[in-house]
Amino acid sequence: MLWNSRSCSQLGTSSSRPRLREAAATQELAGHRLRQRQTGSRGQQQQQRVPRVQAAALSSPRPAAPRDQQQHGSGQVSRVDSPPQVKNGVLLLNLGGPESLADVRPFLYNLFADPDIIRLPSALKFLQPVLANIIATLRSPKSSEGYAAIGGGSPLRRITDEQAAALATALRGRGLDAEVYVAMRYWHPYTEEALQHVVRDGISNLVILPLYPQFSISTSGSSLRLLEHLFKSDPVLQHLKHTVIPSWYQRPGYVGAMVDLIEAELDKFEQPREVNVFFSAHGVPKSYVEEAGDPYKEEMEECVALIMAELQRRGRANEHTLAYQSRVGPVEWLQPYTDDSIRALGQRGVHSMLAVPISFVSEHIETLEEIDMEYRELALESGVQRWGRVPALNTNARFIEDLADAVVEALPYVGVIAGA
């Protein structure tokens, strides 16, 4: 069960991979169990069993109506003509986030109960729920402070719903009438809830699109592993034609959109050429890369190289830094760490920094609180005098148009799960 990070394939099928490390990482996407989710207010540990996906009418609300998007580029877009009996859908995968302070602790439990986040030896797997509960209990006070600082909850669901609506509009501009669904991994709307909508709506062709530009075992990999279990265990989903776009960091539209945003922020500095372009990526444990073969570090470095090459092509010769944030626990994570790199740049005499949240396409706590508050304060304390931050892509028109192109390009590769 392999996914090619530079093309499309089906859940449960094998495809040739250009790199053994990438194959090793994605091979781990087999054998995922459907787990119960902890819900309820802070201090409660009430379990809620996720319902089986059924072709039944649901009462939960649909995403907001699509918004118009300005088209960029050549002004020409490809079009898709689908037979009337075909119903196309797109499933956007994302992390999810607590929408209120009462959601913080159960959200953290769901996060750390995932074995792709906390990897335990086989003999200790039974301790996963206990460990998740301990970590969630210990971390929830500090995490709650962070969410309180950005308004009392994560904006991720709202922004992802807006991206879904914008993508549906862009697809209609290409002659493709497709429903776009949002599937969160650790909070509502859960992946199971999104699939209920897919089945209810009678979707026949589904493009699965993680909203993570770079593939990692802990992000796209976790959601894809859950999806494979759900597809294999449900007789309706077994026959749903689908394809997966595991990563898309190398797409020219995405790279161009990032460079557009970076240039706009550079021009706000008095001396743009002296600004260090500081890419801050979400970290993963070093063992994921060195032992499990996660391609995340390699894809991240390639992504930054593509962005810097485009900046240079546009006449920007800025120095740049790539560092990794959000590490948790005592184990070693990918280095250099963001906080250490900021201190080092300040000691080196760098006075102007532009932070680029490179692994995030939506604003959330790691951009709004960790970067905008914690790292900005650290930078100023370390001697940096001028600080800026590139906004997340959110519903950036060029970015949405490129996602629409990716969906159109993926549709010819839809197929059913192996063995169905």
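In this text, all values refer to a predicted model and were calculated from it rather than measured experimentally.

Q: Explain the packing of aromatic side chains residue by residue, including any values.
A: A full pass over the atoms with the stated rule returns four aromatic pairs. With centroids separated by 6.4 Å and ring planes inclined at 70°, the aromatic side chains of Trp 187 and Tyr 190 adopt a geometry described as edge-to-face. On the basis of relative accessible area, Tyr 190 is assigned to the buried category, the value being 4%. Ring geometry for Trp 248 against Tyr 254: centres 5.3 Å apart, planes inclined by 90°, an arrangement best described as edge-to-face. As far as the burial class goes, Trp 248 and Tyr 254 line up, both buried. Among the aromatic residues, ring-to-ring pairing joins Trp 248, Tyr 254 and Phe 399 into one connected group. One residue, Arg 119, lies across the ring of Tyr 288, its end atom 5.0 Å from the ring centre. It is Arg 327 that lies over the ring of Tyr 337; its NZ or CZ is 3.8 Å from the centre.

Q: I'd like a rundown of helix H2 (residues 104–112), residues and numbers included.
A: Counting buried positions along H2 gives nine out of nine residues, so the element sits mostly inside the fold. The complete set of buried residues in H2 reads Val 104, Arg 105, Pro 106, Phe 107, Leu 108, Tyr 109, Asn 110, Leu 111 and Phe 112.

Q: Provide a residue-level description of the packing of H2 against helix H3 (residues 128–149), including the pertinent values.
A: In the contact formed by H2 and H3, the axes pass within 7 Å of each other and the chain directions differ by 135°. If you check the angle between H2 and H3, you find them oblique. Read as a crossing pair, H2 and H3 show a hand that is right-handed. Counted together, Val 104, Arg 105, Phe 107, Leu 108, Tyr 109 and Phe 112 of H2 and Gln 128, Pro 129, Ala 132, Asn 133, Ile 135, Ala 136, Thr 137, Arg 139, Ser 140, Ser 143, Ser 144 and Tyr 147 of H3 form the full contact between these two elements. A per-class count over the contact of H2 with H3 returns 10 nonpolar, six polar and two charged.

Q: Go over the confidence of the model for the protein, please, and point to the residues and values.
A: Of the residues in the protein, 79% reach a pLDDT of 70 or more, and the chain-wide mean stands at 84. Considering only residues more than four positions removed or in separate chains, one finds that residues 1–6, a stretch of pLDDT under 50, has 43 contacts. Every residue in residues 14–78 is under pLDDT 50, and counting partners more than four places away or in other chains gives 166 contacts.

Q: Give a detailed account of the sheet that holds strand E9 (residues 352–357), specifying residues and quantitative values.
A: What the four strands build is an open sheet, ordered E8-E7-E9-E10; its pairing is parallel. Every interior strand has two partners, whereas the edge strands, strand E8 (320–325) and strand E10 (386–389), have only one. Averaged over neighbouring strand pairs, the angle between their axes works out to 25° when direction is ignored. The pairing of strand E7 (residues 276–282) with E9 spans five bridges and is parallel. If you follow Asn 276 over to E9, its bridge partner there is Met 353. Helix H11 (residues 365–381) contacts E7, E8, E9 and E10 of the sheet and is inclined by roughly 170° relative to E10.

Q: Requested: an account of the pattern of salt bridges, with residues and values cited.
A: Enumeration over the complete set of coordinates arrives at 26 salt bridges. Residue Arg 398 is joined to Asp 260 by a salt bridge in which the shortest nitrogen-to-oxygen separation is 3.0 Å. A residue pair is termed long-range when its members are at least 10 positions apart, and Arg 398 in helix H12 (residues 397–410) and Asp 260 in helix H7 (residues 252–266) qualify at 138 residues. A relative accessible area of 29% places Asp 260 in the partly exposed class. Measuring nitrogen to oxygen at the nearest pair gives 3.0 Å for the salt bridge that ties Asp 267 to Arg 316. Separated by 49 residues along the polypeptide, Asp 267 in the loop between H7 and E7 and Arg 316 in the loop between helix H9 (296–313) and E8 bring together distant segments of the chain. Since its relative accessible area comes to 48%, Asp 267 is described here as partly exposed. Each of Asp 260, Glu 263, Asp 267, Glu 310, Arg 313, Arg 314, Arg 316 and Arg 398 takes part in salt bridges that share partners, so that together they form one network.

Q: Help me get a handle on the sheet that holds strand E4 (residues 178–184), residues and values and all.
A: If you walk across this open sheet you meet the four strands as E4-E3-E5-E6, and the pairing is parallel. Taken across any chain shown, the strands that pair with only one partner, and hence form the sheet edges, are E4 and strand E6 (241–244). Strand-to-strand twist of the sheet, defined as the mean angle between neighbouring strand axes without regard to direction, takes the value 20°. Here strand E3 (residues 88–94) pairs with strand E5 (residues 205–210) via six bridges, running parallel. Across the sheet, the residue bridging to Gly 89 is Leu 206, located in E5. Against the sheet, helix H5 (residues 191–200) touches E3, E4 and E5, its axis set at about 160° to E4. Those strands touched by H12 are E3, E5 and E6, and its axis lies near 135° from that of E5.

Parameters at a glance
Residues numbered from 1 in each chain as written. Predicted model: local features only at pLDDT ≥ 70, side-chain atom pairs only at ≥ 80, totals over all residues. Heavy atoms only, no water. Phe/Tyr/Trp six-rings, centres within 6.5 Å; stacked < 30°, edge-to-face > 60°. Buried < 20%, exposed > 50% of the residue type's maximum accessible area, 1.4 Å probe, protein only. Lys NZ or Arg CZ within 6 Å of the ring centre and 35° of its normal. Helix = DSSP H or I, 4+ residues; strand = E, 2+ residues; numbered from the N terminus. Axes fitted to C-alpha atoms, helices over the stretch in contact; angles between N-to-C directions. Parallel < 35°, antiparallel > 145°, perpendicular 65-115°, else oblique. Left-handed = near helix turned anticlockwise from the far one by under 90°. Contact = heavy atoms within 4.5 Å. Nonpolar A, V, L, I, M, F, W, Y, C, P; charged D, E, K, R; others polar. pLDDT = per-residue confidence, 0-100. Pairing = 2+ DSSP bridges. Salt bridge = Lys/Arg side-chain N within 4 Å of Asp/Glu carboxyl O.

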